Amino acid sequence: MKRITRIETNVKGPAIGVDFDACMKIIGAGRSGKTRLRDAFLLAMTGKHPARSHTSQLYEALGAPGE
């Protein structure tokens, strides 16, 4: 079984990245990026943006290149 060991995202803000261990919690102050990591994880695993209901809306949700 493959495991995700790192996730990086620039969805909804500046780029952030996290290396995962076998078991870990993501905690932090408000506006520290916890929800962005969750959204990036969901996007990577399902191909769907968490705020959108259909994969075809992914391009519009992320914005065109250069935006």
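A quick note: this is a predicted structure, and the numbers were derived from the prediction, not measured. (Residues numbered from 1 in each chain as written. Predicted model: local features only at pLDDT ≥ 70, side-chain atom pairs only at ≥ 80, totals over all residues. Heavy atoms only, no water.)

Trainee: Describe the side chain of Arg 36, and please don't skip the residues or the numbers.
Mentor: Relative to the helices and strands, Arg 36 is located in helix H1 (residues 34-46). From its side chain, Arg 36 meets the backbone oxygen of Pro 14 in a polar contact 2.6 Å long. In contact with Arg 36, other than residues within four places in its own chain, are Thr 9, Val 11, Lys 12, Gly 13, Pro 14 and Ile 16. (Helix = DSSP H or I, 4+ residues; strand = E, 2+ residues; numbered from the N terminus. Polar contact = N/O pair within 3.5 Å; in protein donor to acceptor, adjacent residues only side chain to side chain. Contact = heavy atoms within 4.5 Å.)

Trainee: For H1, give the residues involved together with the corresponding values.
Mentor: Between its first and last C-alpha, H1 extends 18 Å over 13 residues, near the 18 Å set by a 1.5 Å rise per residue. Along H1, the positions that sit buried rather than exposed are Arg 36, Leu 37, Asp 39, Ala 40 and Leu 43. Down the axis, H1 shows its buried residues gathered within 165° of arc, on one side only. (Expected span 1.5 Å × (residues − 1). Buried < 20%, exposed > 50% of the residue type's maximum accessible area, 1.4 Å probe, protein only. Arc of directions from axis to C-beta.)

Trainee: Tell me about unusual backbone geometry, and name the residues and values.
Mentor: In the Ramachandran plot, Arg 31 falls in the positive-phi region, its phi being about 65° despite a non-glycine side chain. Mapped onto the elements of the fold, Arg 31 is located in the loop between strand S2 (16-19) and H1.

Trainee: I'd like a rundown of the pairing of S2, residues and numbers included.
Mentor: Consecutive side chains of a regular strand alternate in pointing toward one face of the sheet and then the other. Two strands pair when backbone bridges link them, and strand S1 (residues 6-9) and S2 are joined in this way by 4 bridges, in the antiparallel orientation. Following the sheet pairing, Glu 8 is matched in S2 by Gly 17. A loop of 6 residues connects S1 with S2, the two strands running antiparallel in sequence, and Lys 12 in this loop sits at a positive phi of about 65°. (Pairing = 2+ DSSP bridges.)

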